[in-house]
Amino acid sequence: MAIEKIFKDDASEEKGERARMASFVGAIAITDLVKTTLGPKGMDKILQSTGRGHGVTVTNDGATILKSLHIDNPAAKVLIDISKVQDDEVGDGTTSVVVLAGELLREAEKLVAAKIHPMTIISGYRMAAECARNALLQRVVDNKENAEKFKSDLMKIARTTLSSKILSQDKEHFAQLAVDAVMRLKGSTNLEAIQIIKKPGGSLMDSFLDEGFILDKKIGLGQPKRIENAKILVANTAMDTDKVKIYGARVRVDSMSKVAEIEGAEKEKMREKVQKIIAHGINCFVNRQLIYNFPEELFADAGVLAIEHADFDGIERLALVTGGEIASTFDNPESVKIGHCKLIEEIMIGEDKLIHFSGVEMGQACTIVLRGASHHVLDEAERSLHDALCVLSQTVNDTRVLLGGGWPEMVMAKEVDELARKTPGKKSHAIEAFSRALVAIPTIIADNAGLDSADLVAQLRAAHHKEGCNAGIDVISGSVGDMAELGISESFKVKQAVLLSATEAAEMILRVDEIITCAPRQREDRM
Amino acid sequence: MALAFDEYGRPFIILKEQDQKTRLRGIEAQKANISAGKAVARILRTSLGPKGMDKILQSPDGDVTITNDGATILEQMDVDNQIAKLMVELSRSQDYEIGDGTTGVVVMAGALLEQAERLLERGIHPIRVAEGYEMASRIAVEHLEHISQKFDFGTTNIEPLVQTCMTTLSSKIVNRCKRHLAEISVKAVLSVADLERKDVNLDMIKVEGKVGGKLEDTELIYGITVDKDMSHPQMPKQIEDAKIAILTCPFEPPKPKTKHKVDIDTVEKFQTLRLQEQKYFDDMVQKCKDVGATLVICQWGFDDEANHLLMHRNLPAVRWVGGVELELIAIATGGRIVPRFQELTPEKLGKAGLVREKSFGTTKDKMLYIEHCANSRAVTIFIRGGNKMMIEETKRSIHDALCVARNLIRNNSIVYGGGSAEISCSIAVEAGADKYPGVEQYAIRAFADALDSVPMALAENSGLQPIETLSAVKSQQIKENYPHYGIDCNDVGTNDMRQQDVFETLIGKQQQILLATQVVKMILKIDDVISPSDY
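In this report, we go over the structure that sits alongside the text. Counting of residues starts from 1 at the beginning of each chain's written sequence and follows it residue by residue. Throughout, the order in which chains and ligands are written sets their labels, letters from A for the former and numbers from 1 for the latter. The predicted origin of the model limits local features to residues at a pLDDT of at least 70 and limits the giving and counting of side-chain atom pairs to 80 or more, whereas totals for whole chains, interfaces and linings rest on all residues. No hydrogens and no water enter the side-chain calculation; it runs on all heavy atoms of the structure.

### Brief notes about the overall build of chain A
Defined as follows: Comment: elements are numbered from the N terminus, with helices defined as DSSP H or I runs of at least four residues and strands as E runs of at least two. Here a residue-residue contact requires only that any non-hydrogen atoms of the pair lie within 4.5 Å. Computed with a 1.4 Å probe, the accessible areas rest on the Shrake-Rupley method; for each residue, only the protein chains presented here act as cover.
Regarding its fold elements, chain A presents 16 helices and 20 strands. For chain A, the proportion of contacts with a sequence separation of at least 24, taken over those separated by at least 6, is 75%. When the accessible surface of chain A is split by element, carbon and sulfur atoms take 51% of a total near 22600 Å².

As structure tokens, then:
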């Protein structure tokens, strides 16, 4: 009797070497896919969605690329997951983390081929990762005390992050934007307070940070277009019919005249509600829900500016900037906090009319208006800016800073190499491999920039042999340069997250010796 | 392969493909069953021990799970064969009963089946084999009791517990910080344990995970976390000395269950109804306020208006809190769950020293921490980790560690791990075999051989020479009459599991042997498999 078949028909099982091979191949394929986007001279990818309209995205953001891929290989899924987590957690380094994990696996593959047990490799990697982290910890710069210096650190980080994105041409401008925006948050990491509005037209350089608040809405007809010293009531209430909410209530009438009466009562009710709102002494009313024509007219009559259908984030932000509260009942006007701002006016950006609130009380929130040639450019610019904002807001919390340009990798590689020399046993091969994987990152950066990576990395390694060296790859001039002078910095938190999650992911994949795939669930074809 | 002829005299092969098989009987059936059971055990064999490997499991929807927890692997494996399903059940029952050793039990059963196959080939009746196994398992369980040791621990001396949990965790991916996690698990179990009654309600320990950060950031919170945020963005984010009203009724007008109609036919009725509605909201909020609550936790949603009223009266509120969490909050804070506003009284409020909202990462991820509760019996283990699979695996590992700690509190006997208990049992069973007259003797010997397979798998997974290592350890045990020699998986340099501090719980081990024997007996008794033919 042949070996019993124990799985369902379409389920498959791969064991030992084959399973390991499958995961290595999958992980390395993913790495090769995103590796060309790494570094300041990295290239972009076009992603075409399979959904309706075949929308196109142009990006070099690792997380965005990987998120849109449909992958079947389980190991590749692990890598996609770490990139996603990196995006959620620190916002940047999404490509680096995948590349590092991939390189670690590539090195591990060689070791496995040389008959070293995966568990030995794992324990070597662990030691190496710990050592690398300590090496970084020793070299961090923390300028928390010195506000001036810290700000310049932030600028440097912003510039470094942006230089690998589409915004690199105008990185100075955008770095300033991002730093200003983050400084306004005063230490909170809630990026919701920074609103990004995209308006096609103009050039990227025309983008600007607005201290006030811009709402992408139109002002109702016949209402004032400009209000000075505005008193704003932010509300979330139904301004259409205001149903009776008691269950089971319904209107039942037996003649036309009664219908008219009820209708009148309804109108009366709405009028009362509007009166109550107006009684707050406001001259601007912003509602999350629709405002029907009738109340709108009432507001117009009272000279109150009414804005309908602001989205939820919009009103939350508006409440935050103006210092008002979001109200849903209007019976006690004296205790509702009303937001203030100096000036509300309708402004034009490109072709569109927007409402601009300026001179707001609390300066925590702000708006960045992005201008650019096309939707694709704007989308990519938004992602880039988002990355920069994330990194900056994280850096504000954890103020430790490192140099960039392949410097941290070389520092770590050097320490790890030394550890390898001191460690007896097979583990030392794994530790050495770890350091090789680290060096792969500057190599890829150089390769992507069309430089002679072998030569540059060798120079870099030599330079790092001296204590306290600041050498990194200067992609612009194509040589080894002093990163401190060039002002290329990275956040410690990002680097640490890259290192740890990449090692964790590599470890996870290495530990696997069997892949069991269940039969795919049958889907009904709705075509 | 059976051959048959159809009505035209052409030969065709019955039982050619597995798919067309409908019936197997006699020794054929037993062999088929045994090989199915062995196939399952073979999959798990490589996951055993501190150097065991993981498996990737891809679910029908394409989700990936990476684990080396036996129960989880089998659960997700999409098994079709009936006998394989029995093995899955076996591992699951070990999981429910003990929580740990789910891999070991399957490997054990696989080894028993393998030995049984050999005996069947010699013509021994399966029932005799089953009976022999039964006797042998009795010897083994008794012997385990004999070599087990009691140890003392208290709320101050948790070291032995931590050590045992560490043994469990060392085979998982989290072994990088097993010490940290073991301590957390033990502290969590001790804080909810009822030492008098020797009982632990594991429901009081909530294991929550959130991706991001690193494994070392995993923490034990003496309180509850709820994956929710305040219902209104402008409510205070931190409340000290909170008095919590725990409600299971929505902040909405009531919906009477009986069928009714409220007909509005005049303007006056319309007006009164409106007023009444407003009063409703006002009353609800006022009632909460009147009893002195400073935080409202509600299982249902709020109406926008109610939300604003709460905000307005400076009464922070959380909505859409799940039933289980609600119960935990009630236990932790000493409050009562109140189903109706009318029944709200000051005594029914829960108390907590600190309630705060904490945000994570760059996305809008917020969690609510309820700490310093009146009754600190409910705790939460909050796991951080690099990716989703890591968190899931850590959750499973922590669950195992918690179960082990609980078992120790119930029964503080331990045996030593690293295969030492199995080897020692094997020796005892082997010696006991000679006393039995009859065919069963062979089955008992076979059982002893099967016991050896666990340490053998351990040695194999650790990259040692399995047979050589096992025989060396065995002879050492007999020579020095010391049952604590085991397999040195971590290459520490000593075989003495006592020095290595590798413990396992006595009941866990006993259960493994008993369960494995039972399932094998059941499988051996089957001599006919009838499965419906494919359509």
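So, next bit.
### Digging into the side chain of arginine 133 of chain A
The cut-off we apply is this: Each polar contact in these results corresponds to two N or O atoms within 3.5 Å; when the atoms are within protein, one needs to be able to donate a hydrogen and the other to accept it, and residues that are neighboring in sequence are counted only if both atoms are side-chain atoms.
Within the secondary structure, arginine 133 of chain A sits in helix α5 (residues 118-139). Here glutamine 496 of chain A takes part through its side chain, which lies 3.1 Å from a polar atom of the side chain of arginine 133 of chain A. Setting aside its immediate chain neighbours within four residues, arginine 133 of chain A contacts Gln496, Leu499 and Leu500 of chain A together with Lys214 of chain B.

### Remarks on the nonpolar core
In plain terms, the rule: Remark: nonpolar core denotes a set of buried residues (Ala, Val, Leu, Ile, Met, Phe, Trp, Tyr, Cys) joined through side-chain atoms within 4.5 Å. Each residue is placed in one exposure class: buried if its accessible area under a 1.4 Å probe, protein chains only, is under 20% of its type's maximum, exposed if it is over 50%, and partly exposed if it falls in between.
Within the largest apolar cluster, 159 residues are counted, with the highest numbers of intra-cluster contacts made by Leu79, Ile121, Tyr125 and Phe434 of chain A together with Ile205 and Ile381 of chain B. Leave out the neighbours within four places in its chain, and leucine 79 of chain A touches Ala27, Ile30, Thr31, Val98, Ala101, Ala505 and Ile509 of chain A. Judged by nonpolar contacts, the second largest core, of 68 residues, contains Leu74, Val129, Val141 and Ile487 of chain B.

### A closer look at the sheet that holds strand β6 (residues 208-210) of chain A
Residues and elements named next belong to chain A. Which entries qualify depends on this criterion: DSSP bridges decide pairing: two strands pair if at least two such bridges lie between them. Axis lines are fitted to C-alpha atoms, over the contacting stretch for helices. Their N-to-C directions set the angle, which ranges from 0 to 180 degrees.
Spatial strand order, β5-β15-β6: three strands in an open sheet with mixed pairing. Each having just a single partner strand, β5 (194-200) and β6 make up the two edges of the open sheet. On average, each strand axis in the sheet is tilted by 25 degrees relative to the strand beside it, whichever way the strands run. As paired strands, β5 and strand β15 (residues 366-372) are joined by seven bridges and run parallel to one another. In the sheet register, isoleucine 197 faces β15, and the bridge partner there is valine 369. Packed on one face of the sheet, helix α7 (residues 171-185) meets β5, β6 and β15 and runs near 160 degrees to β15. Packing of helix α11 (residues 375-397) onto the sheet brings it into contact with β5 and β15, and relative to β5 it is tilted by some 160 degrees.

### Focus on the pattern of salt bridges
The cut-off we apply is this: In the sections that follow, a salt bridge refers to a side-chain nitrogen of Lys or Arg positioned within 4 Å of a carboxyl oxygen of Asp or Glu.
Within the structure shown, the criterion is met by 39 salt bridges over all chains. The shortest N-O distance in the salt bridge between arginine 159 of chain A and glutamate 172 of chain A comes to 3.4 Å. Taken together, the residues arginine 159 of chain A in helix α6 (residues 147-163) and glutamate 172 of chain A in helix α7 connect sequence positions 13 residues apart. In this structure, arginine 92 of chain B engages glutamate 89 of chain B in a salt bridge whose closest nitrogen and oxygen atoms are separated by 3.2 Å. Of this pair, arginine 92 of chain B and glutamate 89 of chain B both sit in helix α3 (residues 82-97), three residues apart, which is roughly one turn of the helix. Judged by its relative accessible area of 44%, glutamate 89 of chain B falls in the partly exposed class. Salt bridges linked by common partners bring Asp32, Lys35, Glu103 and Arg106 of chain A together as one network.

### Looking at empty space enclosed by the protein
All names here are of chain B. Here is the rule we go by: Note on definitions: the grid is 1 Å and covers protein atoms alone; a cavity is a set of points where a 1.4 Å probe fits but cannot get out; a pocket is an open set with protein on both sides within 12 Å along at least five of seven lines; lining residues have an atom within 4 Å of a point. Grid points are joined across faces, edges and corners, and a volume is the space filled by probe spheres set on the points. Three classes are used: nonpolar for Ala, Val, Leu, Ile, Met, Phe, Trp, Tyr, Cys and Pro, charged for Asp, Glu, Lys and Arg, and polar for all others, with Gly counted as polar.
Summed over the entire model, instances satisfying the criterion amount to three cavities of 30 Å³ or more. Each pocket or cavity is described by its volume, and for the largest cavity that value is around 90 Å³. As for the largest cavity, its lining consists of 13 residues, of which Asp100, Val404, Glu504, Thr505 and Gly508 are closest to the centre. At the level of secondary structure, the elements contributing two or more residues to the lining of the largest cavity comprise α6 (159-169), β21 (503-505) and α16 (506-525). Each residue belonging to the lining of the largest cavity can be placed in one class, and the counts come to three nonpolar, seven polar and three charged. Each pocket or cavity is described by its volume, and for the second largest cavity that value is around 50 Å³.

### Examining helix α10 (residues 323-333) of chain B
Turning to α10 of chain B, its buried residues are Glu325, Leu326, Leu328, Ile329, Ala330, Ala332 and Thr333 of chain B. A positive backbone phi angle near 70 degrees is found at glycine 334 of chain B, which sits one or two residues after α10 of chain B.

### Observations regarding the packing of helix α13 (residues 440-461) of chain B against helix α14 (residues 466-480) of chain B
Residue and element names in this part refer to chain B. So the rule is basically this: What sets the label is the angle itself: under 35 degrees gives roughly parallel, over 145 gives roughly antiparallel, 65 to 115 gives roughly perpendicular, and the rest give oblique. Each helix crossing is assigned a hand: it is left-handed if the near helix lies turned anticlockwise from the far helix by less than a right angle, otherwise right-handed if that turn is clockwise.
Taken N-terminus to C-terminus, the directions of α13 and α14 make an angle of 125 degrees; their axes are 9 Å apart at the nearest point. Considering their axes alone, α13 and α14 lie oblique with respect to each other. Judged by the sense of rotation from one axis to the other, the crossing of α13 with α14 is right-handed. Across the interface between the two elements, Asp452, Pro455, Met456, Ala459 and Glu460 of α13 pack against Pro466, Ile467, Thr469, Leu470 and Lys474 of α14.

### Focus on the pairing of strand β19 (residues 379-385) of chain B
Residues and elements named next belong to chain B. Most of β19 is tucked away, with seven of its seven residues classed as buried. Residues Val379, Ile381, Ile383 and Gly385 of β19 are buried on one face, and the alternating residues Thr380, Phe382 and Arg384, pointing to the opposite face, are buried as well. Pairing between strand β9 (residues 205-211) and β19: seven bridges, direction parallel. Counted as the bridge partner of valine 211 is glycine 385 from β19. Relative to β19, strand β10 (residues 219-221) runs antiparallel, the two sharing three bridges. Looking at β19, one finds that leucine 220 is bridged to isoleucine 381.

### Regarding the packing of helix α13 (residues 427-448) of chain A against helix α14 (residues 453-463) of chain A
All names here are of chain A. The N-to-C vectors of α13 and α14 enclose an angle of 135 degrees; their axes lie 9 Å apart at closest approach. On the basis of the axis angle, α13 is oblique to α14. When the axes of α13 and α14 are compared, the crossing they make is right-handed. Contacts between α13 and α14 pair Val439, Pro442, Thr443, Ala446 and Asp447 from the former with Ser453, Leu456, Val457, Leu460 and Arg461 from the latter.

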